[in-house]
Amino acid sequence: MPGEQGTERICKERHGLQNGCIPDFVMEAQYMGKDIRVIEVKRSIFENNDKDADRLRTELKEKRVFLLNLMSSPGSGKTTTLLALARALKGRIKMGVMEADIDSAVDAEKMAQAGVKSIQIHTGGMCHLDADMTRQGLYEFGLEDAELIVLENVGNLVCPAEFDTGAVKNMTILSVPEGDDKPLKYPLMYEKCDLLVINKTDVMPYFDFDKEKVEKYARLRNQDIDILYISAKTGEGIEALADWIVAQAEVWRGTEM
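Given the structure is predicted, the values throughout are model-derived calculations rather than measurements.

Novice: Would you take a moment to explain the state of the cysteines for this structure?
Specialist: Covalent bonding between the sulfur atoms of two cysteines is what defines a disulfide. Counted according to the given criterion, the structure contains 1 disulfide. Covalently, Cys127 is tied to Cys159 through a disulfide, its sulfur atoms 2.5 Å apart. Taking the sign of the S-S torsion, -80° for the link of Cys127 and Cys159, the bridge is left-handed. Remark: Cys159 occurs in helix H5 (residues 159-162) and Cys127 occurs in the loop between strand E6 (117-122) and helix H4 (131-141); sequence separation between them is 32 residues. Looking at Cys127, the relative accessible area reads 24%, which means it is partly exposed.

Written as C-alpha cells, this is what we have:
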C-alpha cells in the first residue's frame, strides 16, 4: 500500500507538505560547491491516511463489499473498459462505479445511461483520492446491496498511486498508443497495482509496442503483478478481465466456490 512506513525520503523544498512530506529537521549542506537546503524526511503525513485506509478495508470486509481502485493516464480507456465490463459482469456480480474527476460528470452519465449505478466525485482540484474522500463517496453511493464497486480514479500516473484509497485491489490500464516503457517512467503505479491491463490491442499493429518489453518492465517493478490484454472497443479479452475481477471479489466476500 502507498505510504509504507520506515523509509526515508528527501523532498525538494518546492513539494513541501503538498506531497506528503513532514520534515523532521532541516540542515544546510554543500553539494558541488553550492549551498543546498536539504530536508530529511523520516515520517509522512501518509501515515494517517494509511491507517484510515486500513479501517475502511475492515468496514468493507464486514459489509462484504469489494472495492477496486482503477488508475491510468487520461485517454487510456478506463470508462470504455468499465462499460464493456458492465456487460460482461451482468448476472454474475452487482457492479457499481464511482467516477472521480476534477470537474464534470461526463463519465458518471455514461455509466448511468448504460444502467450501471454510479456517482460522480469532484476532487476540488486535487489529482487523487485518499481514503477519507473514498469513504465519503462510498457512503453517498450506499453499501447496503453493493457487491463490487469500481473507483475510477483521477486520470494520472503519479498522484493516485501515492495514496491508499482503502481499495481491496488496485488495477491500472496502459493503452498501446502510450508505449511499452511506462513501467520504467512511472514505477510507483506498477509497484502498487495487482493487475495491469493492456488496452487497445486492436491498434497494436500500427504502433511500435513490444509485449515482451512491457511485461519485463512491469515485472521489474512488481514480480507478482498480473497482466491481461484487452480491446475495450472490440471486446477482446473482456471476459478474462471479468473472470479475474469476479475471482478476486469472491475471495474477499467469502463466496468463492
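Novice: Is there a simple way to explain the sheet that holds E6 in this structure?
Specialist: Sheet strands associate in pairs through backbone hydrogen bonding, adopting either a parallel or an antiparallel arrangement. One open sheet accounts for 7 strands, arranged E6-E5-E7-E4-E8-E9-E10; its pairing is parallel. One side of each edge strand has no neighbouring strand; the edge strands of this open sheet are E6 and strand E10 (226-229). Between one strand axis and the next, the sheet turns by 20° as a mean value, whatever way the strands run. In this structure, strand E5 (residues 95-101) lies alongside E6, joined through 6 bridges in parallel fashion. Bridge assignment links Glu99 to a residue of E6, and that residue is Gln120. Where helix H8 (residues 211-221) meets the sheet, its contacts fall on strand E8 (169-175), strand E9 (195-199) and E10, and the angle it forms with E10 comes to roughly 155°. Running over the sheet, helix H9 (residues 238-253) touches strand E4 (66-72), strand E7 (148-152), E8, E9 and E10 and is turned about 140° from E4.

Novice: Would you mind going over the packing of helix H2 (residues 78-89) against H9 with me for this structure?
Specialist: Helices that pack against each other are described as a pair by the angle of their axes relative to one another and the distance between those axes. For the pair H2 and H9, interaxial distance at closest approach is 9 Å and the crossing angle is 75°. Judged on the interaxial angle alone, H9 and H2 are roughly perpendicular. On H9, the residues that touch Thr81, Ala84, Leu85, Ala88 and Leu89 of H2 are Ile238, Glu239, Leu241, Ala242, Ile245 and Val246. Looking at the contact of H2 with H9 residue by residue, the class counts come to 9 nonpolar, 1 polar and 1 charged.

Novice: Explanation requested: the confidence of the model for the chain in the structure shown.
Specialist: Summary statistics for the chain give a mean pLDDT of 84 and a share of 81% for residues scoring 70 or more. Every residue in residues 1-32 scores below 50 in pLDDT, and together they form 77 contacts with partners more than four places removed in sequence or on other chains. Counted against residues more than four places away or in other chains, residues 34-44, with its pLDDT under 50, gives 46 contacts.

Cut-offs and rules
- Residues numbered from 1 in each chain as written.
- Predicted model: local features only at pLDDT ≥ 70, side-chain atom pairs only at ≥ 80, totals over all residues.
- Heavy atoms only, no water.
- Disulfide = S-S within 2.5 Å.
- Helix = DSSP H or I, 4+ residues; strand = E, 2+ residues; numbered from the N terminus.
- Buried < 20%, exposed > 50% of the residue type's maximum accessible area, 1.4 Å probe, protein only.
- Pairing = 2+ DSSP bridges.
- Axes fitted to C-alpha atoms, helices over the stretch in contact; angles between N-to-C directions.
- Contact = heavy atoms within 4.5 Å.
- Parallel < 35°, antiparallel > 145°, perpendicular 65-115°, else oblique.
- Nonpolar A, V, L, I, M, F, W, Y, C, P; charged D, E, K, R; others polar.
- pLDDT = per-residue confidence, 0-100.

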